[in-house]
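# Remarks on the overall topology
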Amino acid sequence: MKCWSQIQTLLGDQWMLMIILGSSIAVLSFVMDHVVLFLHNCRMKLFNSTPKGLSYLSWISLPVLLVTFASAVVQLISPHAIGSGFAEIRCILRGTTLHGYLDFRTLAAKVAGLVAVLGAGMPLGKEGPFVHIACILSQLYTTSCCLKKSSVECRSRSLDLLAGAAAVGVGACFASPVGGVLLSIEATAANFAIRNYWRGFLGAASGTLLYQLLVVWSSSRQSIEAIYATEFSDDVPYRPLELILFGFIGMLCGLLGALFVYILRVFIQKMKTCTMREYLLRAPLLYPVFVSLIITTLQYPVFMSRLTAGHLDNDEHFAHLFSNFSWAKGNLTAQEASVVHHWESPIKSMTVFFVFLYISSILASTLPVPSGMFIPLFKTGAAFGRIAGETFNMWFHRKFKIAPNPGGYAVVGAAAFSGAVTHTVSTCVIVVEITGQLRYVLPIIVAAMISNIVARRLHASLYDMLTSVKGLEHPPDVASPTETNPAVRMTVKDFMESPTEFVWRGIGFRELSNVLESSPNREVLPVVDDPENRSLLGTVKRMELEKLMANCSMPVDDQVNFQWFPIESIRIQLLVNDSAAAVHQLFQLAKVNFAFVTNQSQLVGFVGENELEKIIEEIQENPIRQ
């Protein structure tokens, strides 16, 4: 028993939980990649071995069945598995309780549905779903290690680990530990506690290391390398004047990214109000069949063989998009010819491919299946960058006898477009990590920053839009702290609960019993020196006091000995003149749901999370509040 208790203690340590979580996500990601590749190969074998008269049927049959299966699984097991789950995780990390999103049923539906829909070749990714999966595993691990702890302690610990789990989900997908942590901070947290940095980095680094080792051990690779490694020339990767072109690409990606989010928002809203909504609700599998049929038809090799390259998988697409030569040049080597063979012409093929990805990603994201958006956005941006690179290459070669590298423009476009849609600049780091390309760091940053500036001016981010469209509630964000902000002018004394129950040195058992009865919902009670001065000394857990009352046979008029239970130090303490905005920010950063208020060290009140949210919502609804 003692040995088992020590094992539980070791496994319950947060650093060990993050290593276990990172390793679990890495193994799951690795296995899922191989299952998806197996399904893709099965589809190609089925298509190649089928007579021409039945080739179309063989091409569409497996994807349609897989998408239908994914939709049926999530609707039968857990509808919470639909979508990426990223927007929901953002709300949870900001303090909202969403029931059912972090349970085992959702995990099972998420994994099964994601494998099926990726194996079907839909233009979807796994970044968002893996953030959701990592957070579910984190919650399950935390729950199993918090059975003997108070709910307040478990809640604080759970939210801290969830913040780290979000980074693990991104990092393990792309083998990008640094970019994963930064993206999780940008996309999920309104305020990020510095204490969660080490959790995110440890989990993401553990997952990335194991994932890369599994890739090396299962392939012919001799060493660890970037997932989509590039081989650009060391001589002159780009010229200083090309930074203007990279900035122009960033501006266009900003416009296209804002338009992408706008079209998706309008499409989702139209679906909610269209006349066929009731019919689709009665036949929930009809829409997945219809959308998957359209997308697979556009990928049909006989119909658009060398325009959309639907017969290639994601890895092959990225290898071609990031290839280190112009597809329009003459005298191709055998390796270069094997790449160009899959495409009709540089500009025509890439333009059709870009338009196809742009539209089909919007369509596929509305499917009632587990789905991520980052890989489609990344690929769409790479296609746009490739178009620009090939165009500039041909024009510069004719005019100035110099040839920009289209592969470098594809890398820049991938970072700029994905950053514009998500309103993040951490895509720069992710692109560098997954391509291993350091020579284009400056152009990537220039394009990503400009695309972000343009996109933020025009529309909300993809994650903010989904949060709004889904009607997800989360603690309201307080505006910037200016003197005209009502949340800054209102202070704690205007909305705190006063007086509040407390215990003190020398309290009798009868009085303690009365205090417990009058505060049934308080899990933690403040401890003061005496009832008159009420100098705040610390806090005590309610369960410790209840245990004392249950086990003690002392007369009710006797005093309670404070050595019989532990007094904990004050973690968060508010002052009566603290503003509502400052308290709101403090609650988000510290991940707490209550705090005691003092005036010159004297306990005067209590502020709970629910009361704080109500007062801020009231302020935002009625900004001219006195």
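Everything that follows concerns the structure shown earlier in this document.
All values reported here derive from a predicted model rather than from experimental measurement. (Residues numbered from 1 in each chain as written. Predicted model: local features only at pLDDT ≥ 70, side-chain atom pairs only at ≥ 80, totals over all residues. Heavy atoms only, no water.)

Now for the pattern of salt bridges. A complete count under the given rule lists five salt bridges for this structure. Asp 464 is the partner of Arg 90 in a salt bridge, and the nearest nitrogen-oxygen pair spans 2.9 Å. Note that Arg 90 is positioned in helix H4 (residues 86-93) and Asp 464 in helix H21 (residues 462-469), a separation of 374 residues in sequence. The exposure class assigned to Arg 90 is buried, which follows from its relative accessible area of 7%. (Salt bridge = Lys/Arg side-chain N within 4 Å of Asp/Glu carboxyl O. Helix = DSSP H or I, 4+ residues; strand = E, 2+ residues; numbered from the N terminus. Buried < 20%, exposed > 50% of the residue type's maximum accessible area, 1.4 Å probe, protein only.)

For helix H14 (residues 314-321), every residue scored as buried is listed here: His 317, Phe 318, His 320 and Leu 321. Taken down its axis, H14 places every buried residue within 160° of arc, on the same side. The N-capping residue of H14, defined by a side-chain oxygen 3.2 Å from the backbone nitrogen of Asp 315, is Asp 313. (Arc of directions from axis to C-beta. Polar contact = N/O pair within 3.5 Å; in protein donor to acceptor, adjacent residues only side chain to side chain.)

Interaxial distance between H4 and H21 falls to 9 Å at its minimum, and their mutual angle equals 85°. Between H4 and H21, the angle falls in the class roughly perpendicular. Residue-level inspection shows Phe 86, Ala 87, Arg 90 and Cys 91 of H4 in contact with H21, the latter providing Tyr 463, Asp 464, Leu 466 and Thr 467. Per-class residue counts for the contact of H4 with H21 are five nonpolar, one polar and two charged. (Axes fitted to C-alpha atoms, helices over the stretch in contact; angles between N-to-C directions. Parallel < 35°, antiparallel > 145°, perpendicular 65-115°, else oblique. Contact = heavy atoms within 4.5 Å. Nonpolar A, V, L, I, M, F, W, Y, C, P; charged D, E, K, R; others polar.)

Turning next to the sheet that holds strand E3 (residues 536-541). As summarised here, the arrangement of the three strands in space is E1-E2-E3, forming an open sheet in which the pairing is mixed. Of all the strands in the sheet, the pair left with one neighbour each is strand E1 (503-504) and E3. Here five bridges tie strand E2 (residues 524-528) to E3, and the two strands are oriented antiparallel to one another. Bridge assignment links Leu 525 to a residue of E3, and that residue is Val 540. Against the sheet, helix H24 (residues 542-551) contacts E1, E2 and E3, and its axis sits at roughly 70° relative to E3. (Pairing = 2+ DSSP bridges.)

Just geometry here; none of it tells us what the structure is for.
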